[in-house]
Amino acid sequence: DGFLSTAEINDPVTGTNLQQIFEYFDTNGDGYLDATEDDKICQIYDLVQSQSRLRRQAGCNIPGAADGQLTLAEVQNAMTLDEAVAALDRTDGAVNGGLSRAQVDYLFGPNGGPIADRIDTNGDGFLSNAEINNPVTGTNLVQVFFYFDQPENGNGNMVLDGTEADKICEVYDLIQSQNSNRAKRQAGCNIPDADGDGRLSPAEVERAID
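Residues numbered from 1 in each chain as written. Predicted model: local features only at pLDDT ≥ 70, side-chain atom pairs only at ≥ 80, totals over all residues. Heavy atoms only, no water.

## Digging into the overall build of the chain
Then comes step 1: Counting its secondary structure elements, the chain contains twelve helices and four strands.
Then comes step 2: Here the chain, with 210 residues, has 35% of them falling under the buried criterion.
Then comes step 3: Partitioning the intrachain contacts of the chain with sequence separation of at least 6 by distance along the chain shows that 57% fall at a separation of at least 24.
Then comes step 4: On the chain, roughly 11900 Å² of surface is accessible, and the fraction owed to carbon and sulfur atoms is 53%. (Helix = DSSP H or I, 4+ residues; strand = E, 2+ residues; numbered from the N terminus. Buried < 20%, exposed > 50% of the residue type's maximum accessible area, 1.4 Å probe, protein only. Contact = heavy atoms within 4.5 Å. Areas by Shrake-Rupley, 256 points an atom, 1.4 Å probe, with all protein chains shown as cover.)

Shown next, in the form of structure tokens:
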């Protein structure tokens, strides 16, 4: 079906595990990830940290959200649609110039199909930046905000409260994390290099990514 379920990924026979992923990226077979071999693992680690449940327990990090409600103005002051799209675009470890349907589904959930169908004017299953920003068939941050406040997705009270704000807050955290991590990555990978040898061992990766 083109979708890898959690059960399929964890299948002991046909699935995979962290050791196999490590070995896949260890292209020279020396048992360590060094040079550019660790790029994807480091990006995955950054993504895990950005979506940490522990972080979200403290509530939404968008300025002004401490009162339990997000207004449109607060969201507009915190991010642009281009920033949100760029952050989601990077979640697969590459910059593709738009969003896959899986990334769109992550943002909009089960009711987002009609939005994606409208934006995907060429029907290729990929929402390019040009399609997203099309003034007629595309979308904007205002429409995204009110999508989450619609009666079928929220309560229609002109603010995002409760779980209505979850995805917007997650995307904001993703933007902030990626901005921070880009600066950090100039000095190297964020996975702790326990023995300081400048490369990642399987044990170091397993300790960092559960």
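Text resumes after the structure shown.
## A look at the state of the cysteines
Then comes step 1: Here the structure, examined in full by the defined rule, presents one disulfide.
Then comes step 2: There is a disulfide in this structure between C60 and C169, and the S-S distance comes to 2.0 Å. Here the disulfide of C60 and C169 is left-handed, its torsion about the S-S bond being about -100°. Of the two residues, C60 sits in the loop between α4 (53–56) and β1 (69–70) while C169 sits in helix α11 (residues 166–185), which places them 109 residues apart along the sequence.
Then comes step 3: With relative accessibility at 25%, the residue C60 sits in the partly exposed group. (Disulfide = S-S within 2.5 Å.)

## Looking at unusual backbone geometry
Then comes step 1: At M158, a position not held by glycine, the phi torsion is positive, near 75°.
Then comes step 2: With respect to the helices and strands, the residue M158 is situated in the loop between α10 (141–149) and β4 (160–161).

## Focus: the environment of K40
Then comes step 1: When you line up the elements, K40 lands in helix α3 (residues 39–50).
Then comes step 2: Sequence-wise, K40 and G93 are 53 residues apart; in three dimensions their C-alpha atoms are separated by 6.4 Å.
Then comes step 3: The residues contacting K40, other than those within four sequence positions of it, are F25, G93 and A94.

## So, the nonpolar core
It is characteristic of soluble globular proteins that their nonpolar side chains tend to be buried jointly.
Then comes step 1: If you look at the biggest cluster of nonpolar residues, it comprises 34 residues, and the most contacted ones within it are I62, L70, M79, F108, F148 and I168.
Then comes step 2: If you list the elements that add at least two residues to this core, you get α5 (72–78), α6 (81–89), α7 (101–108), α8 (113–119), α10 and α11.
Then comes step 3: Here this core gets six residues from one element, more than from any other, and that element is α11.
Then comes step 4: Once residues lying within four places of it in the same chain are set aside, the contact partners of I168 are I62, L70, V75, M79, V144, F148 and L160.
Then comes step 5: In this structure, L33, I191, L200 and A208 belong to the second largest nonpolar core, which totals eleven residues. (Core = buried A, V, L, I, M, F, W, Y, C linked by side-chain atoms within 4.5 Å.)

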